[in-house]
Protein chains: 2
Amino acid sequence: MTEASPARRSRITPERESELYAAVLALLREVGYDALTMDAVAARTRSSKATLYRQWGGKAELVVRALRHQKPLRFADVDTGSLRGDFHELAVRQDDRQMRQHAALMRGMAMAVHDNPDLLRAFRELLIEPEQEDLRLMLQRAVERGEVRADNPAFDYLMHVLHGGIGARSVIDELPPTQDFLLSYIDAVVLPALGV
Amino acid sequence: MTEASPARRSRITPERESELYAAVLALLREVGYDALTMDAVAARTRSSKATLYRQWGGKAELVVRALRHQKPLRFADVDTGSLRGDFHELAVRQDDRQMRQHAALMRGMAMAVHDNPDLLRAFRELLIEPEQEDLRLMLQRAVERGEVRADNPAFDYLMHVLHGGIGARSVIDELPPTQDFLLSYIDAVVLPALGV
């Protein structure tokens, strides 16, 4: 499992890769992770199974790369010059429909991740760890600008606060996560927890 | 659907009620919400289905009351004299095994709640809304003591921060939620977000 995307390590075009991920996510919404098969992905995307396995290694990596392709918090390359600006930039990078769809998919994945060690490994290596590293760099810049202290204990829990809050939204408020929710949540909780 | 527990509104003893809830949660862990039937609950607990329906109205209410009986955050009657003391008291009211079991059950429920309107209603009326009210009273006392401002914007998001954080723990850290995690999380995030 490498960090490079399949498009960058092979002849598949980025457009084709996007199309394929969209089909995987549509299937995931329809049948869930456990019932999703590589045969169904191959049929839906008119690919050969051999190609899918060669490019993605297996179902876990393919599904996680598809989720990553549409994930709402895209920390990479966020650098507005202030921590508040950076967090707000994160919130507005996806529209409400994309955020709602992603939240629905993640609810289904929460169970599957615990039942499938392969999926948990792909989830951590391809989604969680790269995001933690991007977040770490974003916070490091804020420390260097003097906005937050390097030993702020909230650093260790920002992933929990952000993803947990987005995930809890629909049950607690009976409303999907939206840009407005995320912006208010950042201002009311995330930045105060960091002392900003 | 009333707030009184079935034990308080009928001849069922609190011990029998606890025993029944434990059996419901065991079944829930084994088969999940969708496959759980009142027949199976009746057989496992040596009750008649008529009794179960009379006491609990139906599967959604029975399952949610069972979850409430073992839920980790028990705000009611927490009043230590300080907000930090109150939140810490919350964290230590259940042991790590109970917290881990509850987190596993809630992962399964997250999907079911979205697919079953009856369950969502019971979930909100019996779990979320009473807890929000208990939390509101706890914060109100802190406002009266001068510990926090009455217009603190984090008030609206404490349920998201607490439940989201507990729920996100196992995927983000590959560790179950524990008392130690919750105490650190409260000190690093919840209290600073409230300006305490």
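Per an unreviewed UniProt entry, chain A carries the name TetR family transcriptional regulator and comes from Streptomyces abyssalis.

Draft legend 1. Structural detail: the overall build of chain A. A count of helical and extended segments in chain A gives nine helices and zero strands. Shown N-terminal to C-terminal, the secondary structure of chain A runs as helices and strands in the order α-α-α-α-α-α-α-α-α. Looking at the 196 residues of chain A, the share that counts as buried comes to 51%. A total of about 8,900 Å² of accessible surface is found on chain A, and carbon and sulfur atoms cover 50% of it. The distance from the centre of the 26 positive side-chain charges to the centre of the 29 negative ones in chain A is 6 Å.

Draft legend 2. Looking closely at the domain arrangement of chain A. Residue and element names in this part refer to chain A. In terms of domains, chain A is made up of domain 1 (1-70) and domain 2 (71-196). Placing a centre on the C-alpha atoms of domain 1 and another on those of domain 2 gives a separation of 24 Å. Contacts between domain 1 and domain 2 engage 17 residues on the former and 19 residues on the latter. Taken together, both faces of the contact between domain 1 and domain 2 bury some 1,600 Å²; the carbon and sulfur share is 69%. Viewed at the interface, domain 2 and domain 1 are joined by zero salt bridges. Going through the elements one at a time, helix 1 (14-35) and helix 4 (59-69) are the ones with two or more residues in the side of domain 1 that touches domain 2. Looking at the side of domain 1 that touches domain 2 residue by residue, the class counts come to eight nonpolar, three polar and six charged.

Draft legend 3. Examining the relation of the copies chain A and chain B more closely. If you rotate chain A by 180° and push it 0.0 Å along the axis, it lands on chain B with an RMSD of 0.0 Å. On this basis, the relationship between the two copies can be described by a two-fold rotation axis. Taking C-alpha positions as the reference, the residue of chain A nearest the rotation axis is Gly164(A), at 1.7 Å. A shared interface surface links the copies, since 100% of the contact residues of chain A are contact residues in chain B too.

Draft legend 4. Looking closely at the packing of aromatic side chains. Per the counting criterion, the structure on display carries eight aromatic pairs over all chains. Judged by centre distance (5.8 Å) and plane angle (70°), the rings of Tyr21(B) and Trp56(B) are edge-to-face. With Tyr21(B) in helix 1 (residues 14-35) and Trp56(B) in helix 3 (residues 49-56), the pair connects residues that are 35 residues apart, well separated along the chain. By the burial criterion, Tyr21(B) is buried, and Trp56(B) matches it. Both rings, one in Phe181(B) and one in Tyr185(B), keep their centres 5.4 Å apart while their planes meet at 20°; by these two values the pair is stacked. Placement of the pair is Phe181(B) and Tyr185(B) together in helix 9 (residues 179-193), with a separation of four residues, close to one helical turn. An identical accessibility class is assigned to Phe181(B) and Tyr185(B); each is buried. Three or more aromatic residues joined by ring pairs make a cluster, and in this case those are Tyr157(A), Phe181(B) and Tyr185(B).

Draft legend 5. Broad picture of the pattern of salt bridges. According to the stated counting rule, one finds 30 salt bridges over all chains in the structure shown. With a closest N to O distance of 3.3 Å, Glu89(B) and Arg93(B) form a salt bridge. Using a relative accessible area of 29% as the deciding quantity, one classes Glu89(B) as partly exposed. Across the pair Arg149(B) and Asp151(B) runs a salt bridge whose closest N-O atoms are separated by 2.8 Å. Several salt bridges share partner residues, and in doing so they unite Asp79(A), Asp86(A) and Arg141(A) into one network.

Draft legend 6. Highlighting the side chain of Thr178(B). Residues and elements named next belong to chain B. By secondary structure assignment, the location of Thr178 is in the loop between helix 8 (158-173) and helix 9. Residue Thr178 is classed as buried on the basis of its relative accessible area of 18%. For Thr178, the contacting residues outside a window of four places in its chain are Asp96, Met99 and Arg169.

Here is what the cut-offs are and how they apply
Residues numbered from 1 in each chain as written. Chains lettered and ligands numbered in written order. Predicted model: local features only at pLDDT ≥ 70, side-chain atom pairs only at ≥ 80, totals over all residues. Heavy atoms only, no water. Helix = DSSP H or I, 4+ residues; strand = E, 2+ residues; numbered from the N terminus. Buried < 20%, exposed > 50% of the residue type's maximum accessible area, 1.4 Å probe, protein only. Areas by Shrake-Rupley, 256 points an atom, 1.4 Å probe, with all protein chains shown as cover. Lys, Arg positive; Asp, Glu negative; His and termini not counted. Charge placed at Lys NZ, Arg CZ, Asp CG, Glu CD. Domains from an automatic or database assignment. Contact = heavy atoms within 4.5 Å. Buried area = accessible area lost by both parts, 1.4 Å probe. Salt bridge = Lys/Arg side-chain N within 4 Å of Asp/Glu carboxyl O. Nonpolar A, V, L, I, M, F, W, Y, C, P; charged D, E, K, R; others polar. Least-squares fit on C-alpha atoms with pLDDT ≥ 70 in both. Phe/Tyr/Trp six-rings, centres within 6.5 Å; stacked < 30°, edge-to-face > 60°.

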